[in-house]
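Reading the structure
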Amino acid sequence: LSLALSQRLLDTPQHQVALAAPQALGDLLAGDGPLLVDHIELLFDPLLQIDPLRALKLASRRRRLLVVWPGRLDDGGALVYAEPGHPEYRRYGPADLADVAVLDAAALRQEE
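Notes on the structure in this doc start here.

Calculation notes
Residues numbered from 1 in each chain as written. Predicted model: local features only at pLDDT ≥ 70, side-chain atom pairs only at ≥ 80, totals over all residues. Heavy atoms only, no water. Helix = DSSP H or I, 4+ residues; strand = E, 2+ residues; numbered from the N terminus. Pairing = 2+ DSSP bridges. Salt bridge = Lys/Arg side-chain N within 4 Å of Asp/Glu carboxyl O. Buried < 20%, exposed > 50% of the residue type's maximum accessible area, 1.4 Å probe, protein only. Phe/Tyr/Trp six-rings, centres within 6.5 Å; stacked < 30°, edge-to-face > 60°. Contact = heavy atoms within 4.5 Å. Core = buried A, V, L, I, M, F, W, Y, C linked by side-chain atoms within 4.5 Å. Arc of directions from axis to C-beta. Polar contact = N/O pair within 3.5 Å; in protein donor to acceptor, adjacent residues only side chain to side chain.

1. Here's the deal with the environment of Y81
As for its position among the elements, Y81 is in strand β4 (residues 79-81). Along the backbone, Y81 and A55 are 26 residues apart, and their C-alpha atoms lie at a distance of 15 Å.

2. What about the sheet that holds β4?
Strands sit in the order β3-β4-β5 across an open sheet of 3 strands; the sheet is antiparallel. In the strand order of this sheet, the two ends are held by β3 (72-73) and β5 (90-92), each with one partner.

3. With respect to the pattern of salt bridges
Enumeration according to the criterion identifies 4 salt bridges in this entry. One salt bridge in this structure joins R90 and D51, with 4.0 Å as the shortest N-O distance. Of this pair, R90 sits in strand β5 while D51 sits in the loop between β1 (35-37) and α3 (52-59), and the two are 39 residues apart along the sequence. Its relative accessible area of 30% is what places D51 among the partly exposed residues.

4. Re the packing of aromatic side chains
Aromatic ring pairs are described here by two measures, namely the spacing of the ring centres and the angle between the planes. Per the stated rule, a full pass over the model turns up 3 aromatic pairs. Look at F44 and W69: their rings are 5.5 Å apart centre to centre, the planes differ by 85°, and that puts the pair in the edge-to-face class. On the criterion of sequence distance, the pair formed by F44 in the loop between β1 and α3 and W69 in the loop between β2 (65-67) and β3 is long-range, its members being 25 residues apart. Side by side, F44 and W69 carry an identical accessibility label, which is buried. Relative to Y92, the ring of W69 has its centre 5.9 Å away and its plane inclined at 80°; by these criteria the two rings are edge-to-face. In this pair, W69 sits in the loop between β2 and β3 while Y92 sits in strand β5, placing the two residues 23 residues apart along the sequence.

5. Comments concerning the side chain of D74
Relative to the helices and strands, D74 resides in the loop between β3 and β4. Each residue touching D74, except ones within four places of it in the same chain, is listed here: V80 and R91.

6. Points about the nonpolar core
The biggest cluster of nonpolar side chains holds 24 residues, and the ones touching the most others in it are L25, L29, I40 and L43. Listed by contribution, the elements that provide at least two residues to this core are α1 (2-9), α2 (17-29), α3 and β4. Excluding its chain neighbours within four sequence positions, the residues that come into contact with L43 are L1, L5, L25, L48, I50, P52 and L56.

7. Observations concerning the environment of D27
As for its placement among the helices and strands, D27 is situated in helix α2. Expressed as a C-alpha distance, the spacing of D27 and L5, which sit 22 residues apart in the sequence, is 9.5 Å.

8. Comments concerning α3
Looking at α3, one finds that the buried residues are P52, L53, A55, L56 and A59. Buried residues of α3, seen end-on, are gathered within an arc of 165° and therefore sit on one face of the element. Contact partners of the buried residues in α3: α2, β2 and β5. In this structure D51 caps α3, since a side-chain oxygen of it lies 3.2 Å from the backbone nitrogen of L53.

So this is what it looks like as structure tokens:
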């Protein structure tokens, strides 16, 4: 996703990127049938001014998405990206994930 989104925004002036990014993301995620979405790191860039989870949830209203989260699932059941203090840091608690199915692939591998 990051590569495709960055290519769509490449010719956008920096001061207009935040305005263009949601539409470009929506266009990329549009379509029929389920979609596997990987490499979402660009969504966390503060320049885009996107809330990654909110944007993905919005897109999932039109199409079923399976998203590979580039961060971790903490002990409290929150999805975390980056570390506190980092400009791209995000933490989504259980309330934010109420309508999201989360599978911890690392934990599943440990059970095998």
